Amino acid sequence: MNSMSTWLVVLGLVFGFGSSIKIDVNKQYDDNGIQKSFNIRCIVDKDENCEKSNIILSVSKEDDKKIASLQGQDQIDYGPLQKTNVKATGRIADDDDSNCYLSVTIDHMMKEDSGVYTCSMFYLDHYGIMHQEKASKNITLDNQNAEDLIRFLMAKVSYLENRVESQQNEIEKQISGMQKLQKEQHQKVVQDIGNMKNQSALSQETPRIAFSYGYAYNTKKLSQMSTLIFTEKIMNIGDAYDNSNGLFTAPFDGIYVFTLVVATVENGGDITINLQSGSQVVATLYVRDKDNSAQSSVSTVVPLSKGGTVKPVVAYSSRDRVSKDNHVSFFTGYLLKLL
């Protein structure tokens, strides 16, 4: 870059070439005339800069504390402050009929929310030179006397109580869903065991081989490619499952049925478990957990020779936490038919 271009870049960043960004402030009040929020709207003159390339709009406090920024369509970044009472919307126009704007609303204002707010716009011109333009306003909180402040704080407390109640309702809904899923999974296991008993009754030649074990650790670290060991004994008819190493060993040539159910604790992360017969994967279970507990199950039928083995192996774990509560995680299997 020659010296003239360098000076153009510096002049564009420091001074801008004409200001085409405006800042509008709108205060909102409750029924008692108490200021409850304010809205900052950064508007760009579409005839000048709305079609410039690589536009970035931002709102900052005291000129250096970014509240929110917008780059591209709907790409809102709330910056390092991450204030919970801030909501932002915006648009970078892709046609001639729309304005570029960034709108930031701050609810439930406190005294510290007063100050100088700045709308900034960064963009490249057709020479590739970066420009910055600014517009600022000083915003003050109207609630000054003690009576108004008390009413304002009471309104904020009410708002926070409503948020807590809403979150509690959501948690209760998720717990109810988990309990329903747990009941369905237990019913399925009971049905499988009942089917196993019926099969045994129909054929006296089929030995009784069945096991069911629950998981015993909420915080036990899961290592990739390690065996997921279920140690809480529910039943072990025929002693084919070894709860010291998590390995099922077939005592006869036959067809075996296996069911694996895995649940994560809250924020337990994502888990992938493979059921392996020897080195061969015969079934895969995925548990995907974004915010709260999750549960998943898989069942499979495996032909095994005498001495053949089946075990659950951790293929992937992001948080290393499996739930043990009320046997929501368990490993079962039984001999369906001799070969």
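Residues numbered from 1 in each chain as written. Predicted model: local features only at pLDDT ≥ 70, side-chain atom pairs only at ≥ 80, totals over all residues. Heavy atoms only, no water.

The next point concerns the confidence of the model for the protein chain. When pLDDT is averaged across the protein chain, the result is 78; 73% of the residues are at 70 or more. The spread of mean pLDDT over the elements of the protein chain runs between helix α1 (residues 3–14), the lowest at 42, and strand β13 (residues 247–249), the highest at 97. Low pLDDT, under 50, characterises residues 1–17; the predicted model gives this stretch 18 contacts beyond four residues in sequence or across chains. (pLDDT = per-residue confidence, 0-100. Helix = DSSP H or I, 4+ residues; strand = E, 2+ residues; numbered from the N terminus. Contact = heavy atoms within 4.5 Å.)

What follows is about the side chain of Ser 58. Following the sequence through the fold, Ser 58 ends up in strand β3 (residues 53–61). On the basis of relative accessibility, which here comes to 11%, the residue Ser 58 falls in the buried class. (Buried < 20%, exposed > 50% of the residue type's maximum accessible area, 1.4 Å probe, protein only.)

So, about the environment of Ile 40. Structurally, the position occupied by Ile 40 is in strand β2 (residues 35–44). Its relative accessible area of 0% is what places Ile 40 among the buried residues. Each C-alpha atom of the pair Ile 40 and Tyr 117 lies 8.3 Å from the other, and the pair is 77 residues apart in sequence. Aside from chain neighbours lying at most four places away, what touches Ile 40 is Ile 23, Asp 24, Val 59, Leu 102, Ser 103, Val 104, Tyr 117, Cys 119 and Ile 139.

Right, let's get into the nonpolar core. Residues Phe 248, Phe 258, Leu 260 and Phe 331 are the most contacted members of the largest nonpolar core, which totals 29 residues. For this core, the secondary-structure elements that each account for two or more residues are β10 (210–214), β14 (254–263), β15 (271–277), β16 (280–287), β17 (295–304), β18 (309–317) and β19 (330–338). When residues of this core are assigned to their parent elements, the largest contribution, four residues, is made by β14. Apart from residues lying up to four places away in sequence, Phe 248 is in contact with Ile 209, Phe 211, Ala 240, Tyr 241, Tyr 256, Phe 258, Leu 304, Gly 308, Thr 309 and Val 310. Counting 25 residues, the second-largest nonpolar core is a separate cluster that includes Ile 40, Cys 100, Cys 119 and Met 121. (Core = buried A, V, L, I, M, F, W, Y, C linked by side-chain atoms within 4.5 Å.)

Moving on, we come to unusual backbone geometry. Only a minority of non-glycine residues have a phi that is not negative, and only a minority of peptide bonds are not trans. With a phi angle near 70°, Met 225 is a residue other than glycine that sits in the positive phi range. Position of Met 225 among the secondary structure elements: in the loop between β10 and β11 (232–237).

Along the chain, Ser 69 falls in strand β4 (residues 65–71). Classification of Ser 69 by relative accessible area gives buried; the value is 10%. A polar contact is formed between the side chain of Ser 69 and the side chain of Lys 66, at a distance of 3.5 Å. Those residues in contact with Ser 69 that lie beyond four places of it in its chain are Leu 57, Ser 58, Gln 75, Ile 76, Asp 77 and Leu 102. (Polar contact = N/O pair within 3.5 Å; in protein donor to acceptor, adjacent residues only side chain to side chain.)

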